[in-house]
Amino acid sequence: MASVLRTHDQVVVHVSDIEGMDESNQKDYVTIPEIEVLPRDKQLSKEHSNAFWNTELEQLLREQGVELVILSGFAVEHCVTFTYNGASERGFKPVLLQNGIMSRHSDAVAAAYRDRNVISYPVVGYLVNKELNRGE
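Here we summarise the structure given alongside this text. (Residues numbered from 1 in each chain as written. Predicted model: local features only at pLDDT ≥ 70, side-chain atom pairs only at ≥ 80, totals over all residues. Heavy atoms only, no water.)

A surface patch of nonpolar side chains, about 350 Å² in accessible area, is lined by L68, V123, Y126 and L127. With 3 residues, helix α5 (residues 121–134) is the single largest residue contributor to the nonpolar patch. Relative to the helices and strands, Y126 is located in helix α5. Using a relative accessible area of 52% as the deciding quantity, one classes Y126 as exposed. (Patch = residues over 30% accessible without salt bridge, like charges linked within 9 Å, V, L, I, M, F, W, Y side chains within 5 Å. Areas by Shrake-Rupley, 256 points an atom, 1.4 Å probe, with all protein chains shown as cover. Salt bridge = Lys/Arg side-chain N within 4 Å of Asp/Glu carboxyl O. Helix = DSSP H or I, 4+ residues; strand = E, 2+ residues; numbered from the N terminus. Buried < 20%, exposed > 50% of the residue type's maximum accessible area, 1.4 Å probe, protein only.)

Below, the structure is given as structure tokens:
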């Protein structure tokens, strides 16, 4: 999904949870190699479950003109849901990426999809293309 957004000049933000990190365990907080982080992507670290809390995320998204926030990640019962709520409280339109969230608790993913707005990969592509065509 990030490649679709990048191809259409949309912002991609990677958030690293560094809560509990110290010099002895820094290697445990490295982004997994399968997640491609390009130089043009935005990166920020957070120490709280809500990625908006005490970070520059809101300012970064507003500067980029973002309205729709597509969330994916691990710990849907904590970080993903708290950030979803944080986005909503700040006037953004948050959605969960279908098949893009994980949890150690299988019922947490099902509950998140039941209780939150969800977007699929094809819809992301459609919306990005629609936005580009509107500008022509």
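Before going further, it helps to examine the nonpolar core. Of all hydrophobic cores here, the largest spans 19 residues; its most connected members are L61, V76, L96 and I101. Every element with two or more residues in this core is listed here: α2 (57–63), β3 (68–74), α3 (76–89), β4 (93–102) and α4 (106–115). Ranked by residues supplied to this core, first place goes to α3 with 4 residues. Contact partners of V76, with chain neighbours within four places excluded, come to T81, I101, M102, S103, A108, V109 and A112. Counting residues in hydrophobic clusters, the runner-up holds 7 residues, among them L5, V12, V95 and I119. (Core = buried A, V, L, I, M, F, W, Y, C linked by side-chain atoms within 4.5 Å. Contact = heavy atoms within 4.5 Å.)

The next point concerns the side chain of N50. Examined against the element boundaries, N50 turns out to sit in the loop between β2 (42–46) and α2. For N50, a relative accessible area of 13% translates into the label buried. Within polar-contact distance, the side chain of N50 engages the backbone nitrogen of F52 at 2.8 Å. Setting aside chain neighbours within four positions, we find N50 in contact with F82, T83, G86 and R90. (Polar contact = N/O pair within 3.5 Å; in protein donor to acceptor, adjacent residues only side chain to side chain.)

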